[in-house]
Amino acid sequence: MIDTGYTAFMLVCTMLVLLMTPGLAFFYGGLSRRKNVVNTMVMVFGVIGIAGVAWVVCGWSFAYGGDGSLPFFGGFDQIGCLSAVNDMMAEATGTPTAFTVLAGQGALADDSALSAGYPALVDIVFQMAFALITCAIITGAVAGRMKFGAVCAFVAVWVVAVYAPLAHMVWGGEGSLIGEMIGALDFAGGDVVHISSGLTGLILCLMLGRRKGFAVMSYRPHNVPFVALGAALLWFGWFGFNAGSEFAADGVAALALLNTVAASAAGVLSWMIVERVRVGKCTLVGAATGLVAGLVAITPAAGFVEPWAALVMGFVVSPVVYFAVSQAKRRLGYDDALDAFGCHCVGGIVGGILTGLFCVPELSWTEHGGLIYTGDFALLGAQVLGIVVTVVFVVAADVVLGLIIRACFKGSLRVSAEQEAIGLDVAVHGESAYPAYLGLD
């Protein structure tokens, strides 16, 4: 039975998550250099086209098709989403059908999505929005130096060969490797979205090499208001991201919403304190980054922890991410242009581990609760093992995929030195965000 209230709730949450990807374009665009802002933003918009088409064609099927019994892969039965459309039409005409919403985050917990009674088509778009923002996060690591065609080719394959199988491993049903067999918890995408995207960004930036002048010259955000606008859109969309992952308009969705606000607020405050102590000033870019760090940390735990724990998670994650983006990157020498790895992968790992500490037993979809409640290390161990499996799978797949794409682009993923010096806006796209500044008006 279709419930209009639950359907409306999921439609709104879906639209909020869809808003996050263009919001990320503003966030990344503001952080980038003036000569690369168009390229940085068009990579994000390119993801919408490429990953969106791939998801409808086969991504949804690879992630959530089949009967849920396979540990690594969904199936081929939902190719082109034709089965879901046929079920929808059968339901509308009153024809008997096995119409259900396929397994997702909330469904793995307590089958709330299956009993909610909203059309499976809504779930397809909701999960597509997750795939879009995940692929878009990757582009921040390679801004300013990766060939646009190589980015497009990489994303087209990555979303179906890496993201979809990982989503299945975490949220794919009773046979899924990470979510069921290992028993790790990921309410809205700590492993699937943040660790996978941030780690992929790191692999690509290592394959590309450093930007010209890295560690010699200072790269400053060219448009701080863009950063603030992008962060605001991400914050707003994240409420649908986390609350919608309950797949039902109930108390757990409300808890996820409250925890999202609490953790992000604590992340902002914590980052401002660290920044004030370290450099003597609080910056708007820093506050926006702390906001995102808090959001990343609470994502795997949003529906599993109490609000006080969400505050703790927000306060803890900002100093860790601050160190990753301000110290570890410089000392280790990797050039993650817009800190996709430092914020999303590191923040996602922190959030996943803290979930194993703070998960309320009654809210867990496994038989185990957090360490501080039960004194049992089982869930914490499962969280760590789930993260390890995610890292191993993503790194191995990224290296293979990166080498294949590099071979297809004449042995190089990187633009020429001349293009990099001119700026990719003009050299690659033939337009500039500020034509008067470049004398092109």
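Structure: above.
Because the structure is predicted, anything quoted here is derived from the model rather than measured.

Engineer: Sorry, what's going on with the overall build of the protein here?
Structural biologist: If you tally the helices and strands in the protein, you get 18 helices and zero strands. Against the compact-globule benchmark of 22 Å for 441 residues, the protein has a radius of gyration of 21 Å, which places it among compact chains. Each principal axis of the C-alpha atoms in the protein carries an extent, and together these give about 65 × 45 × 35 Å. Restricting the contact set of the protein to residue pairs at least 6 apart, pairs at least 24 apart contribute 76%.

Engineer: Explanation requested: unusual backbone geometry in the structure shown.
Structural biologist: One can expect most non-glycine residues to show negative phi and most peptide bonds to be in trans. Located in the positive-phi region is Asp339, a residue other than glycine, with phi close to 65°. Looking at where Asp339 falls in the secondary structure, it is placed in the loop between helix H13 (307-332) and helix H14 (340-358). One non-glycine residue, Lys410, lies in the positive phi region at around 60°. For Lys410, a relative accessible area of 83% translates into the label exposed.

Engineer: Which parts of the structure should I look at to understand the layout of surface pockets?
Structural biologist: To find the voids left in a structure, one rolls a probe of water-molecule size over its atoms. Put simply, the largest pocket is a space of about 1300 Å³. Every residue lining the largest pocket is counted, 43 residues in all, and those nearest its centre are Tyr219, Pro221, Val325, Lys329 and Asp339. Put simply, the parts of the chain that give the lining of the largest pocket at least two residues each are helix H1 (4-31), helix H11 (251-279), helix H12 (284-298), H13, H14 and helix H17 (417-422). Looking at the lining of the largest pocket residue by residue, the classes come out as 23 nonpolar, 10 polar and 10 charged.

Engineer: Whenever I open this one, H12 confuses me. Can you help?
Structural biologist: The α-helix winds at 3.6 residues per turn, so residues separated by three or four positions along the chain end up facing the same way. Here H12 spans 22 Å end to end across 15 residues, near enough to the 21 Å set by a 1.5 Å rise per residue. Most of H12 is tucked away, with 14 of its 15 residues classed as buried. The N-cap residue of H12 is Thr283: its side-chain oxygen and the backbone nitrogen of Gly286 are 2.9 Å apart.

Engineer: Looking at this model, I keep getting lost on helix H10 (residues 224-243). Mind explaining?
Structural biologist: Here H10 contains 20 residues, and its C-alpha end-to-end distance of 29 Å stays within 8% of the 28 Å for a straight helix at 1.5 Å per residue. Of all the bends in H10, the greatest, near 30°, is centred on Gly237. Along H10, the positions that sit buried rather than exposed are Val227, Gly230, Ala231, Leu234, Gly237, Trp238, Phe239, Gly240, Phe241, Asn242 and Ala243. Looking at the buried side of H10, the elements it contacts are H1, helix H6 (120-139), helix H9 (190-208), H11 and H12. Its side-chain oxygen at 3.0 Å from the backbone nitrogen of Phe226, Asn223 defines the N-terminal cap of H10.

Engineer: Honestly, the packing of H12 against H13 in this entry has me stumped. Any pointers?
Structural biologist: Helix-helix packing: each pair is described by the crossing angle between the helix axes and the interaxial distance. The contact between H12 and H13 brings their axes to 8 Å, and the two run at 125°. On the basis of their axis angle, the class for H12 and H13 is oblique. For the crossing formed where H12 meets H13, the hand is right-handed. Of the residues in H13, those in contact with Gly290, Ala293, Gly294, Ala297 and Ile298 of H12 are Ala310, Met313, Val317, Ser318 and Val321. Residue composition of the contact of H12 with H13, grouped by class: seven nonpolar, three polar and no charged.

Engineer: What's the story with the pattern of salt bridges in this structure? I'm lost.
Structural biologist: Applying the stated criterion across every chain, the model contains three salt bridges. The partner of Asp339 in a salt bridge is Lys329, and the shortest N-O contact between them spans 2.8 Å. You can see Asp339 sitting in the loop between H13 and H14 and its partner Lys329 sitting in helix H13, a full 10 residues away along the chain. When its relative accessible area of 11% is taken as the criterion, Lys329 is described as buried.

Engineer: What am I meant to see in the packing of H6 against helix H7 (residues 148-171) here?
Structural biologist: Where H6 contacts H7, the two axes come as close as 10 Å, and the packing angle between them is 125°. As judged from the angle between their axes, H6 and H7 are oblique. In the packing of H6 onto H7, the handedness of the crossing is right-handed. Residues Gln127, Phe130, Ala131, Thr134, Cys135, Ile138 and Thr139 of H6 lie in contact with H7, whose contacting residues are Val151, Val155, Trp158, Val159, Tyr163 and Trp171. For the contact of H6 with H7, a count of residues per class yields 10 nonpolar, three polar and no charged.

What counts as what
Residues numbered from 1 in each chain as written. Predicted model: local features only at pLDDT ≥ 70, side-chain atom pairs only at ≥ 80, totals over all residues. Heavy atoms only, no water. Helix = DSSP H or I, 4+ residues; strand = E, 2+ residues; numbered from the N terminus. Rg over C-alpha atoms; globule rule 2.2 N^0.38 Å. Contact = heavy atoms within 4.5 Å. Buried < 20%, exposed > 50% of the residue type's maximum accessible area, 1.4 Å probe, protein only. 1 Å grid on protein atoms, 1.4 Å probe; cavity = no way out; pocket = protein on both sides within 12 Å on 5 of 7 lines; lining within 4 Å. Points joined across faces, edges and corners; volume = space filled by probe spheres on them. Nonpolar A, V, L, I, M, F, W, Y, C, P; charged D, E, K, R; others polar. Expected span 1.5 Å × (residues − 1). Polar contact = N/O pair within 3.5 Å; in protein donor to acceptor, adjacent residues only side chain to side chain. Bend = angle between axes of the 7 residues up to and from the residue. Axes fitted to C-alpha atoms, helices over the stretch in contact; angles between N-to-C directions. Parallel < 35°, antiparallel > 145°, perpendicular 65-115°, else oblique. Left-handed = near helix turned anticlockwise from the far one by under 90°. Salt bridge = Lys/Arg side-chain N within 4 Å of Asp/Glu carboxyl O.

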